Amino acid sequence: MKMCSLHRARGSVLVIFLLLHSATSFYLPGLAPVSFCEPGQAGKENEVPDCKSTIEIFVNRLDSVESVLPYEYTAFDFCAIDSEKRPSENLGQVLFGERIEPSPYKFEFKKKVDCKPVCTKSYNTNKPEDKAHLDFLKKGMLLNYQHHWIVDNMPVTWCYDVEDGQKFCNPGFPIGCYVTEAGRPKDACVVNSDFKDKDTFYVFNHVDITIHYHVVENEAAGARLVAAKMEPKSYKHTKVEAPDCAGGPMYLNNKFSGELKIGYTYSVQFVEDTHIRWASRWDYILESMPHTNIQWFSIMNSLVIVLFLSGMVAMIMLRTLHKDIARYNQMDSVEDAQEEFGWKLVHGDVFRPPRKGMLLSVFLGSGTQIFIMMFVTLFFACLGFLSPANRGALMTCAVVLWVLLGTPAGYVAARFYKSFGGEKWKTNVLLTCFLCPGVVFADFFVMNLILWGEGSSAAMPFGTLVAILALWFCISVPLTFIGAYFGFKKTGIEHPVRTNQIPRQIPEQSFYTRSLPGIVMGGILPFGCIFIQLFFILNSIWSHQMYYMFGFLFLVFIILVITCSEATILLCYFHLCAEDYHWQWRSFLTSGFTAVYFLVYAIHYFFSKLQITGLASTILYFGYTMIMALIFFLFTGTIGFFACFWFVTKIYSVVKVD
């Protein structure tokens, strides 16, 4: 037995390492590299055909760790161009509030640029419009809003030293910083000792951009960009019309009034890098992410423990059940049959339809839809098709899959509702179509109204809202009706034992076999195997960090399914042995209670890890968290029900019942 356990543990560790390797090796397939060459070489025969000489910088929305509200680049009155058409965005980008648009920052490949002016912004606090723009800019600096620039579909990063000699490359950089009235520098103001005036804002109006490129000699395809780094600086140009990038910082006192000019400039230099390949050009960003290297061992340890506990639960269940079934099947006499005990006593009631069977069947249909959607999405993400380079692909894939999976939802809901003895099939189909999706959409719509009111770029445009409703009503709803039609048309689920006409009285239960303690205890083990990954996921959502460990996440997903199933089966077995046959809702709620732990952890994360301020941002955080908790509740609850349904059907089909 020890040798088998050892081999099983070694096999588990091998699977973990294989999935870890997939998480770090395949995150950028399907994207073609773009070649760049010096001006005058593009299109020449025998030189570098099909290459670009102009490098464009695109700007994305600005966000902050202290606010949930992102804003468009133009909201802060930065240098912009209106003539060029902005790139098209997919559904996932719109849902995440990404607003990519062209910028006036353009330069030629391998052409060095020194302190080139972009534009000059003039403000007069006596004019209401100028004062509003200046106040909004100060608010952005106070809340540490960050630029997000893109070059060749790659983020422009700001790399700086952190503790222990490590270097962190941030895919964003601040628009400015603030020194408090007490003289304490906030956020990026700590990087420069010149930022010392009290109650003063410092604007980062200059950027030093360094483009790293790799020359591809074998393919004669010119050069490819492998990194784009920058350093924000602040200069109060002596001559705004002819800037020299010298002098003190560009400051703005909080009580300033009068006229002000801010000149925006940039410098560019090019560095050849022969060590970075184009296919691995994101590595320097991902490897510098905080906490990732620290948490590897903890995640490994957690997964191995969960695998070990799952194996122990499975072994105990199989051995105990084997003895029970063998003992029950050896009872040949009538006297022995009259002295039945344990879970066989409730064989005439175990398949009795539950109360609120309509609601349970609707939850099961929606949970099945979510389960398949998550499985397929994570599978593709694990292969690398939904990497950070494919912006918005993860959310787009999830939404499209949810829309197309209406048929399994309708089929499962109808099938179980029919097995519960229900006859109101129209109500069942309509609730499957609109109950859970309607709750999510209503929450999302309220959050969108708040974003509209705050003028945030995350507010979904009206046209996109109509498109989502069209996907829901014109595709998902008809597919749900088709699935429900086949579900009701199919014959009912045949149970291995008959149900008695008179319900059996359930004896008084001990504390541990009552419903509520069992439900509360049932969610602990599944939550234990996801809470570390949950930390990374919440970081990627609210702290704007890239999430790329999809191989690990897919492994955790599989472990979560196994753990939910086995924990629910174990508690279901104990309740059946205590002659309590109401297992349907209990199995759903036992696994579904993991969502309650998720909600508690999200509240803890809000107060301990985030710096979010403002009523609107707080409402948005908890509003979106409630959506995630509901989806997680339906997902885990459905896993627990199906596991328990399979278990109950299996054990009563192998026992002789007179």
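All of these numbers come straight from a predicted model, not from anything done at the bench.

Draft legend 1. Looking closely at the packing of helix H16 (residues 584–592) against helix H18 (residues 615–653). Packing of H16 against H18 brings their axes to within 7 Å, and their N-to-C directions diverge by 135°. Between H16 and H18, the angle falls in the class oblique. You can see that H16 and H18 cross each other, and the crossing is right-handed. The segment H16 lies against H18, with Gln584, Ser587, Phe588, Leu589, Ser591 and Gly592 engaging Phe633, Leu634, Thr636, Gly637, Thr638, Gly640, Phe641 and Cys644. In the contact of H16 with H18, the residues fall into six nonpolar, eight polar and no charged.

Draft legend 2. Layout of the packing of helix H15 (residues 550–577) against H18. Running from N to C, H15 and H18 point in directions that differ by 50°, and their axes come no closer than 8 Å. One finds that H15 runs oblique with respect to H18. At the point where H15 passes H18, the crossing takes the right-handed sense. From H15, Phe557, Leu560, Val561, Cys564, Ser565, Thr568, Ile569, Cys572, Tyr573 and Leu576 reach across to H18, where they touch Phe632, Phe635, Thr636, Ile639, Gly640, Ala643, Cys644, Trp646, Phe647, Val648, Ile651 and Tyr652.

Draft legend 3. Focus on unusual backbone geometry. A positive phi angle is found at Lys110, which is not glycine, with a value near 65°. By secondary structure assignment, the location of Lys110 is in the loop between strand E4 (101–108) and strand E5 (113–124).

Draft legend 4. Local environment of the sheet that holds strand E8 (residues 154–155). Strands sit in the order E4-E1-E7-E8 across an open sheet of four strands; the sheet is antiparallel. Every other strand in the sheet has two partners, leaving E4 and E8 as the edge strands with one partner each. In terms of strand pairing, strand E1 (residues 54–59) meets E4 through five bridges, oriented antiparallel. Bridged to Phe58 within E4 is Pro102.

Draft legend 5. Quick look at the nonpolar core. Judged by nonpolar contacts, the single largest core of 157 residues is most densely connected at Phe107, Trp149, Val648 and Tyr652. For this core, the element with the highest residue contribution is H18, accounting for 16 residues. Leaving out residues up to four positions away in the same chain, Tyr652 has contacts with Trp343, Lys344, Val346, His347, Val350, Phe351, Pro496, Val497 and Leu576.

Draft legend 6. Region of the structure containing the state of the cysteines. Per the counting criterion, the structure on display carries five disulfides. Through a disulfide, Cys159 is tied to Cys169; the S-S separation comes to 2.2 Å. Between Cys159 and Cys169, the S-S torsion sits near 110°, and that sign places the bridge as right-handed. Of this pair, Cys159 sits in strand E9 (residues 158–161) while Cys169 sits in strand E10 (residues 167–170), placing them 10 residues apart in sequence. Note on Cys159: relative accessible area 18%, which makes it buried. On the basis of relative accessible area, Cys169 is assigned to the buried category, the value being 4%.

Draft legend 7. Focus on the pairing of strand E3 (residues 67–71). Along E3, five of the five residues are buried, which leaves the element largely enclosed by surrounding structure. Counting the residues in the hairpin turn of strand E2 (residues 62–64) and E3 gives two residues.

Draft legend 8. Seen up close, the packing of aromatic side chains. Tallied over the full model, the rule gives 68 aromatic pairs. Ring plane angle 45° and centroid distance 6.2 Å describe the contact between Phe375 and Phe557, whose orientation is recorded as tilted. Note that Phe375 is positioned in helix H7 (residues 357–383) and Phe557 in helix H15, a separation of 182 residues in sequence. A relative accessible area of 5% places Phe557 in the buried class.

Draft legend 9. Broad picture of the pattern of salt bridges. According to the stated counting rule, one finds 10 salt bridges in the structure shown. For Arg61, the salt bridge is made with Asp63, and the minimal N-O distance between the two is 3.5 Å. Overall, Arg61 belongs to the buried group, its relative accessible area being 15%. Residues Lys233 and Asp208 are paired through a salt bridge, measuring 2.8 Å at the closest nitrogen-oxygen approach. Here Lys233, found in strand E15 (residues 223–233), pairs with Asp208, found in strand E14 (residues 206–215); they are 25 residues apart in sequence, far enough to count as distant. When its relative accessible area of 21% is taken as the criterion, Asp208 is described as partly exposed. Connected via shared salt-bridge partners are Lys131, Asp135 and Lys138.

Draft legend 10. Quick peek at helix H17 (residues 594–608). The end-to-end C-alpha distance of H17 is 21 Å, a good match for the 21 Å that 15 residues give at a rise of 1.5 Å each. Regarding H17, the residues found buried are Thr594, Ala595, Phe598, Tyr601, Ala602, Tyr605 and Phe606. What you see down the axis of H17 is that its buried residues fit within an arc of 145°, all on one side. Turned more than 90 degrees off the buried face of H17, the exposed positions are Val600 and Phe607.

Draft legend 11. Broad picture of the pairing of strand E17 (residues 259–272). Note: E5 against E17, nine bridges, orientation antiparallel. Bridge pairing in E17 places Cys119 opposite Tyr264. Strand direction decides the pairing type here: E14 and E17, joined by eight bridges, are parallel. Bridged to Val207 within E17 is Tyr266.

Draft legend 12. Local environment of the sheet that holds strand E16 (residues 251–253). The three strands lie next to each other as E12-E13-E16, forming an open sheet whose pairing is antiparallel. Strands with a single pairing partner mark the edges of an open sheet, and in this sheet they are strand E12 (176–179) and E16. Shown here is a sheet whose adjacent strand axes are inclined to one another by a mean of 25°, direction ignored. Two elements, E12 and strand E13 (residues 200–203), share four bridges in a ladder whose sense is antiparallel. Note that in E13 the partner of Gly176 across the bridge is Val203. Of the strands in this sheet, E12, E13 and E16 are in contact with helix H3 (residues 128–142), which crosses E13 at around 90°.

Draft legend 13. How the structure looks around a nonpolar patch on the surface. On the surface, Phe375, Phe379, Phe380, Leu383 and Phe385 cluster together to form a nonpolar patch covering roughly 440 Å² of accessible area. The residue Phe385 is located in the loop between H7 and helix H8 (393–404) in this model. Residue classification places Phe385 among the partly exposed positions, given a relative accessible area of 44%.

Basis of the calculations
Residues numbered from 1 in each chain as written. Predicted model: local features only at pLDDT ≥ 70, side-chain atom pairs only at ≥ 80, totals over all residues. Heavy atoms only, no water. Axes fitted to C-alpha atoms, helices over the stretch in contact; angles between N-to-C directions. Helix = DSSP H or I, 4+ residues; strand = E, 2+ residues; numbered from the N terminus. Parallel < 35°, antiparallel > 145°, perpendicular 65-115°, else oblique. Left-handed = near helix turned anticlockwise from the far one by under 90°. Contact = heavy atoms within 4.5 Å. Nonpolar A, V, L, I, M, F, W, Y, C, P; charged D, E, K, R; others polar. Pairing = 2+ DSSP bridges. Core = buried A, V, L, I, M, F, W, Y, C linked by side-chain atoms within 4.5 Å. Buried < 20%, exposed > 50% of the residue type's maximum accessible area, 1.4 Å probe, protein only. Disulfide = S-S within 2.5 Å. Phe/Tyr/Trp six-rings, centres within 6.5 Å; stacked < 30°, edge-to-face > 60°. Salt bridge = Lys/Arg side-chain N within 4 Å of Asp/Glu carboxyl O. Expected span 1.5 Å × (residues − 1). Arc of directions from axis to C-beta. Patch = residues over 30% accessible without salt bridge, like charges linked within 9 Å, V, L, I, M, F, W, Y side chains within 5 Å. Areas by Shrake-Rupley, 256 points an atom, 1.4 Å probe, with all protein chains shown as cover.

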